[in-house]
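Survey of secondary and tertiary structure
Spelled out, the chains give:
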Amino acid sequence: MKKEDTVKLISAEGFEFIIDKKAAMVSQTIRNMLTSPGSFSETEHGRVSFPEISTTILEKICQYFHWSLQYASGKETEFHIEPELTLELMMAANYLHT
């Protein structure tokens, strides 16, 4: 996969998730950050930092992005969410518009 086909998402703890750009575009917020006109750092470098989202939650969000693409293409599977992550995950999903 080419570098321009990926995006780097960085958690509050500094952990980096490199995922397919199509998957990241599931989020309206990330899509706006990466496609905004002008010379924004996110647009130029394909790198988005989330200082308020923990590594555990960002990992689950990345899993959801990939699951969402599979679901949209007709592959119906369950997406399991651990109960202890529910509240933080809902707040992050709200921010990311997913």
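- Within an unreviewed UniProt entry, the label attached to the chain reads Elongin-C, and the organism entered is Daucus carota subsp. sativus.
- UniProt lists a comment for the chain under the heading Sequence similarities (unreviewed entry), and it reads "Belongs to the SKP1 family."
- A UniProt comment under Subcellular location (unreviewed entry) is attached to the chain, and it reads "Nucleus".

**Considering the nonpolar core**
- One finds Leu9, Ile19, Ile30, Phe50, Ile53, Ile61 and Phe65 to be the most contacted residues of the largest nonpolar core, which totals 22 residues.
- Listing elements by their share of this core, those giving two or more residues are strand 1 (6-10), strand 2 (16-20), helix 1 (21-24), helix 2 (28-35), helix 4 (55-72) and helix 5 (86-96).
- In contact with Phe50, not counting residues within four places along its chain, are Leu9, Ile10, Ser11, Ala12, Ile30, Leu58, Tyr95 and Leu96.

**Let's talk about the sheet that holds strand 2**
- If you walk across this open sheet you meet the three strands as 2-1-3, and the pairing is mixed. Each of the sheet's edge strands pairs with one partner strand only, and the pair in question is strand 2 and strand 3 (47-49). When strand polarity is set aside, the average angle formed by the axes of neighbouring strands in this sheet is 25°.
- Two strands pair when backbone bridges link them, and strand 1 and strand 2 are joined in this way by five bridges, in the antiparallel orientation. Each bridged residue has a counterpart across the sheet, and for Leu9 the counterpart in strand 2 is Phe17.
- Across the sheet, helix 4 touches strand 1 and strand 2, and the angle it forms with strand 2 is around 5°.

**Points about the pairing of strand 1**
- Of all five residues that make up strand 1, four are buried, and the element is covered over most of its length.
- Linkage of strand 1 to strand 2, two consecutive antiparallel strands, is achieved through a turn of five residues, within which Gly14 is found at a positive phi near 95°.
- One ladder, built from three bridges, connects strand 1 with strand 3; its direction is parallel. Looking at strand 3, one finds that Lys8 is bridged to Arg47.

Parameters at a glance
Sequence positions are assigned chain by chain, starting from 1 and proceeding in written order. Side-chain atom pairs in this predicted model are given and counted only at pLDDT of 80 or more, local residue features only at pLDDT of at least 70, and totals for whole chains, interfaces and linings cover all residues. To obtain the side-chain values, all non-hydrogen atoms of the structure were included, while hydrogens and water were left out. UniProt positions are given in the numbering used here, feature names are shortened, and annotations may be inferred rather than shown by experiment. Nonpolar cores are built from buried Ala, Val, Leu, Ile, Met, Phe, Trp, Tyr and Cys residues. Side-chain atoms within 4.5 Å join them into one set. Under the scheme applied here, a residue whose accessible area is under 20% of the maximum for its type counts as buried, over 50% as exposed, and between as partly exposed, the area being computed with a 1.4 Å probe on protein chains only. In this text, helices come from DSSP runs of H or I with a minimum length of four residues, and strands from runs of E with a minimum of two, each type numbered from the N-terminal end. Note on contacts: a residue pair qualifies if any of its non-hydrogen atoms lie within 4.5 Å across the two residues. Here, any two strands with at least 2 DSSP bridges between them count as paired. Note on geometry: axes are C-alpha line fits, over the in-contact stretch for helices, and angles between N-to-C directions span 0 to 180 degrees.

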